[in-house]
Amino acid sequence: MTLLSLRDISHRYPTTTGVLPVLNQVGLEIEDDSVVAVVGESGCGKTSLGRVAIGLVKPLAGEVLYEGKDVWSLSRDEWSRYRRSVQVIHQDPYASLNPGLSVAGTLQPGLTHHHIVPRRDLRKEMLRLLDLVGLDTTEAFLRRYPHQLSGGQRQRLAIARAVSLRPRLVVADEAVSMLDVSMRISILDLLRSLRDEQQLAYIFISHDFGVVRYFSRGGRIMVMFFGVVVEDGPAEEVIRRPRHPYSFLLLDAIPVPDPRLARRRRTEATKRAEDRIERPPSPTGCIFANRCPYAEDACRKTRPELVELASGHRAACLFPERVPELAMTQAQGAGQD
Amino acid sequence: MELIKDLWRICRSDRSAMIGGAVVLLYVIIAVIGPYVAHVGTQQNPGDAYLGPSLAHPLGTDFIGQDVLTELIVGTRPVIEVGLCSALIVVTVGVIVGLLTGYIGGLIDSLVMRVTDIFLTIPGLPLVIVIASVIHSSSPFVLAVILSVTAWAGLARAVRSQALSLRSADFIDAARVQGLPLRTMIGRQLLPNVGPYVAINFLLAITGAIYAEVGLFILGIAPISGTNWGIMINLGMNQGALYTTKSMLYLFSPMAAIVVLQVSLVFFARALDRLFNPRLRVQ
Amino acid sequence: MGTAARSGGPILEVDDLTVSFGTIRAVDSVSLAVQAGEVYAVVGESGCGKSTLAYSILDIVPPPGAVTSGEIRYSGRSLQGMSRRALNHLRAAEVAMVFQAAMNSFNPVLTIGRQVEHELEAHPGVFASEREGREYFDHLIGLVRLSPELVWSAYESRLSGGMKQRVAIAMALLLRPSVLVLDEPTTALDVLSQRLVIDILRDLHATLGVTIIFITHDLAVVAELADRVAVMYAGRLVEVGELDEIFYGTGRHPYVAALLSAIPSVTGDASAIRPIAGQVPNLAELPPGCRFEPRCPLARPVCHQVDPPLLSDEGGHAVACHVVNEGTARPGVGA
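Residues numbered from 1 in each chain as written. Chains lettered and ligands numbered in written order. Predicted model: local features only at pLDDT ≥ 70, side-chain atom pairs only at ≥ 80, totals over all residues. Heavy atoms only, no water.

Asker: Pulling in residues and values, what's your account of the interface of chain A and chain C?
Answerer: When the parts of a complex come together, some accessible area is lost, and that lost area is often taken as the interface size. Counting residues at the interface gives 42 residues for chain A and 41 residues for chain C. When chain A packs against chain C, the two sides together hide about 3800 Å² of surface, and 59% of this comes from carbon and sulfur. Between chain A and chain C we count 1 salt bridge in total. A salt bridge links A:Arg263 to C:Asp244, with the shortest nitrogen-to-oxygen separation between them at 2.9 Å. Taken together, the links from chain A to chain C amount to 12 residue pairs in polar contact (both at pLDDT 80 or more). When grouped by side-chain class, the residues that make up the side of chain A that touches chain C number 21 nonpolar, 8 polar and 13 charged. (Contact = heavy atoms within 4.5 Å. Buried area = accessible area lost by both parts, 1.4 Å probe. Salt bridge = Lys/Arg side-chain N within 4 Å of Asp/Glu carboxyl O. Polar contact = N/O pair within 3.5 Å; in protein donor to acceptor, adjacent residues only side chain to side chain. Nonpolar A, V, L, I, M, F, W, Y, C, P; charged D, E, K, R; others polar.)

The structure is reproduced here in structure tokens:
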């Protein structure tokens, strides 16, 4: 069942003076208990898309449908239900908690407002949530303030707050980017275990393909570039065999913690577009045309639609056949060093 | 209560705040019990005017021979009543207006801010003088309202700018996404973050109100009834206190009382700042 | 090139260095040696002391931090004994540093060119004339793959984060230092900019022969750039070795092995990824023995009681672990 459907979303912020909209006819469908990762570099619109999905921003064009109904014309009760069901986890564990509220004060307002549990069970419920996310289940901990917690603890508390309302969809916006490397896997594992327990769906926003690959096993990836979805498909497929030149460039450029592979990639001749990375996105036709090593005139005239190239795997490119195989995939296929 | 324990701990580590707090507390106690323990008599002995300090009259006597210390004690309550009341009005109105306009924004914000700006630009004391001379009421509450008529505007503006910067914080987004109602956003999410600022301004509002109030009495604009520090100075001046040096102690005493209170309030404000800021309050 | 003599000894030596902030030792008895011309990576997570170590190399540890014991030697000369003038000269003309988020270190009201002119004016001995300085700067800008005319007259707001990072690198190399120190050079950048900076650093190293020391938490960047790697944990050096020894070797420190298994990557076996249990210790409340012991899968009783020394084999591969060093011939302390 499609839980949330974003159709043809276009949006522009009133303060920006650029020619291009921050979101340009973007579509995203997410079912119950599934994962969609939205990947791209800064400025690609992924955070704005997240804000549209959680209803903080009303897009200038397009539809946001929750359980089939337009979110912006719901009745009060239906809106309240939508609000409960779609929650968010932010990137910065130091900004996502109210510094003036204790741990208990952070968890309480949502639980109380939505009557999740009867008043007398409030404390018990808060301790249960703390246990769920791996924090101390003591009264003393409930009295702590955010500035007394570590980054990892804060993020766990933010997760507890997000799942306290028993949501059906959580938008995780760079949820582990500001955490130490050794912490990230624990948090990702926590998010995955919560998903298993509560049949949660995730929209997982990140710039880090490695993190995305670990988290979205079995899910889908959407790659965005300056407000446009350029590719989407099954996570493993997109990473192994990207079909859009931009996705290819990203995956080809990612440094990997494997010196042998790094050396091997260096010796392969690949069309690196580094001289083009400062070029502005193209206002006509394909948005990536100015930076694309395979672009032709046609690319600047027609805006390519998302075309299905393999099962469930789409790319918005007029010449997807020109996208080569990734050096690292070839290198891995060629066997060990 | 946790708050009291924390306050005690903060005061212990900050000498001046401790002293300030103790003095303020003393004044409050005097304000409460004063009229019950001290009575300004009605006998008038002009012959005993402006006596120097003695055991019977530690601060001497006034122009009709009455004990100055007694007058000070009795006069504490009206001053503090009005000061406190006015500060409460200023802070309540200022914070609510500031948080609401800062958070909601849009048309409401523009409209209300225009009104606030008007109040900001009107000179406070002259306006208060004009209003007080038109409305002759000796009710402390009415006087407090008059004193607050422009003072709230500055606080509203300052609180609004705090609300504006908080509005785009991630944790406010998260609270909105939880669907919390407006009153919770204002009261539970925003208010704790402006706590220190509000607490300090509360104390400063008291000092401001006391100055303005005493000023009104000295100038004779507020009705002269009962005893308070301002009236003491007013009556004294009318009775020719400025023309003799023997009245110095009499004139000086209420002024000293005012100054000591104000300074103590300011010192105590330091403790309040730490008390309402979780980062400073909790170890 | 700077005045460093290519004598064959290490260009930079850190000798039993301890940097303290009050009672907390951010850097605790660290010794290492960087050879001239190599790319040396210092790796660790937040709070491990790597940035403090980098700052101490230029003697710019912010107060209340201070070097409380040990010595830093640059080409045999001790930093601790240097005069102010000598230090000032050292900091720009012999050992240059590119700070974390260097894109924020530009003056917004001056053009880049003006800021370069300031730097040239402050060090008049390096170039024969200002024109020569400008020419070399343009050359460096070309090496970081930017357009000299564009950069010289630009204000920092016109340049993207990635561009500014590259300009910062060019400016650091302006006075021809022998050593370039970079603190998290790629952390605030997008993937494509990261790749560019990595490739540029490799090219600069090949072209100019400058010794590069970079600080990072990102092991992928280490894999791309480093010749040798030093790993820090909670203020201590836990392992030093050649790149392949660190990534593939068998006698590795348990923290290093665990860290490598805790990095999700686009290649490799996703199911082999394991989190590291526990948290980094609070530097104010350190355990008595090995600092990693509470989280270590190999921990033994001795680990809880005795802090393991950093022991090196003849190849220069050093590990601070009782379990790993047991039975191996690691005679001495050192890097």
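Asker: Outline the sheet that holds strand β10 (residues 228-234) of chain A, supporting the account with residue identities and numerical values.
Answerer: Picture the strands of a sheet paired through backbone hydrogen bonds; they go either parallel or antiparallel. Residue and element names in this part refer to chain A. Here we have 8 strands laid out as an open sheet, ordered β6-β7-β8-β3-β9-β10-β12-β11, and mixed in their pairing. Both outer strands of the open sheet, β6 (86-89) and β11 (307-310), are each paired with one neighbouring strand and no more. When the angles between neighbouring strand axes are averaged without regard to direction, this sheet yields 20°. Along the sheet, helix α1 (residues 46-53) contacts β3 (35-39), β6, β7 (169-173), β8 (201-206) and β9 (220-225); its crossing angle with β8, the most-contacted strand, is approximately 155°. Helix α7 (residues 181-198) contacts β3, β6 and β8 of the sheet and is inclined by roughly 160° relative to β8. (Pairing = 2+ DSSP bridges. Helix = DSSP H or I, 4+ residues; strand = E, 2+ residues; numbered from the N terminus. Axes fitted to C-alpha atoms, helices over the stretch in contact; angles between N-to-C directions.)

Asker: Can you break down the interface of chain A and chain B residue by residue, with the values?
Answerer: Each partner contributes to the interface: chain A provides 28 residues, whereas chain B provides 20 residues. Interface of chain A and chain B: buried area, both sides summed, is about 2200 Å²; carbon and sulfur atoms make up 56% of it. If you sort the residues of chain A by the area they bury against chain B, A:Leu56, A:Asn98 and A:His147 come out on top, with a joint share of 22%. For the pair chain A and chain B, the interface holds 10 residue pairs in polar contact (both at pLDDT 80 or more). Elements with a minimum of two residues in the side of chain A that touches chain B: β6, α3 (103-113) and α6 (151-164) of chain A. Per-element tally for the side of chain A that touches chain B: the top contributor is α3(A), with 5 residues. Of the residues that constitute the side of chain A that touches chain B, the class distribution is 11 nonpolar, 13 polar and 4 charged.

Asker: Pulling in residues and values, what's your account of unusual backbone geometry?
Answerer: In the segment running from C:Pro63 into C:Pro64, the intervening peptide bond is cis, with an omega of 10°. With respect to the helices and strands, C:Pro64 occurs in the loop between α1 (50-57) and β4 (65-74). Phi is positive for A:Gln25, which is not a glycine, with a value near 55°. Along the chain, the position of A:Gln25 falls in strand β2 (residues 23-31). On the basis of relative accessible area, A:Gln25 is assigned to the partly exposed category, the value being 44%. A positive phi angle, near 55°, is found at A:Asp33, a position not held by glycine. Taking the relative accessible area as the measure of exposure, A:Asp33 reaches 32% and is therefore partly exposed. (Buried < 20%, exposed > 50% of the residue type's maximum accessible area, 1.4 Å probe, protein only.)

Asker: Talk me through the environment of A:Phe209; I want residue IDs and the actual numbers.
Answerer: Turning to its location among the elements, A:Phe209 is positioned in helix α8 (residues 209-215). The buried category is assigned to A:Phe209, whose relative accessible area is 2%. Put simply, A:Phe209 and A:Thr2 are 207 residues apart on the chain and 25 Å apart in space, counted from C-alpha to C-alpha. Contacts of A:Phe209, omitting those with residues within four sequence positions, involve A:Val39, A:Ile221, A:Val223, A:Ile239, A:Leu250, A:Leu251, A:Ile254 and C:Val266.

Asker: Tell me what's going on with the packing of helix α4 (residues 122-132) of chain A against α6(A), and back it up with residues and numbers.
Answerer: Residues and elements named next belong to chain A. Remark: α4 packs on α6, axes separated minimally by 9 Å, with the N-to-C direction vectors making an angle of 125°. As judged from the angle between their axes, α4 and α6 are oblique. The element α4 and its partner α6 pack so that their crossing is right-handed. Contacts between α4 and α6 involve Leu-129, Leu-130 and Leu-132 from the former and Leu-157, Ala-160, Val-163 and Ser-164 from the latter. Residue composition of the contact of α4 with α6, by class: 6 nonpolar, 1 polar and no charged. (Parallel < 35°, antiparallel > 145°, perpendicular 65-115°, else oblique. Left-handed = near helix turned anticlockwise from the far one by under 90°.)

Asker: Lay out the packing of aromatic side chains in plain terms, naming residues and giving numbers.
Answerer: Using the criterion set out here, one finds 17 aromatic pairs over all chains in the structure. The interplanar angle of 90° and the centroid separation of 5.1 Å between the aromatic rings of A:Phe225 and A:Phe288 together place this pair among those described as edge-to-face. Taken together, the residues span a long stretch of sequence, with A:Phe225 in strand β9 and A:Phe288 in the loop between α11 (259-267) and α12 (297-301) at a distance of 63 residues. For the pair A:Phe225 and A:Phe288, a shared accessibility class is recorded, and that class is buried. A ring pair is formed by C:Tyr233 and C:Tyr255, whose centres lie 4.5 Å apart and whose planes are at 50°; its orientation type is tilted. Taken together, the residues span a long stretch of sequence, with C:Tyr233 in strand β9 (residues 228-233) and C:Tyr255 in helix α10 (residues 254-261) at a distance of 22 residues. For C:Tyr233, a relative accessible area of 3% translates into the label buried. Overall, the relative accessible area of 0% leaves C:Tyr255 in the buried class. (Phe/Tyr/Trp six-rings, centres within 6.5 Å; stacked < 30°, edge-to-face > 60°.)

Treat this as a map of the structure, not an account of what it does.
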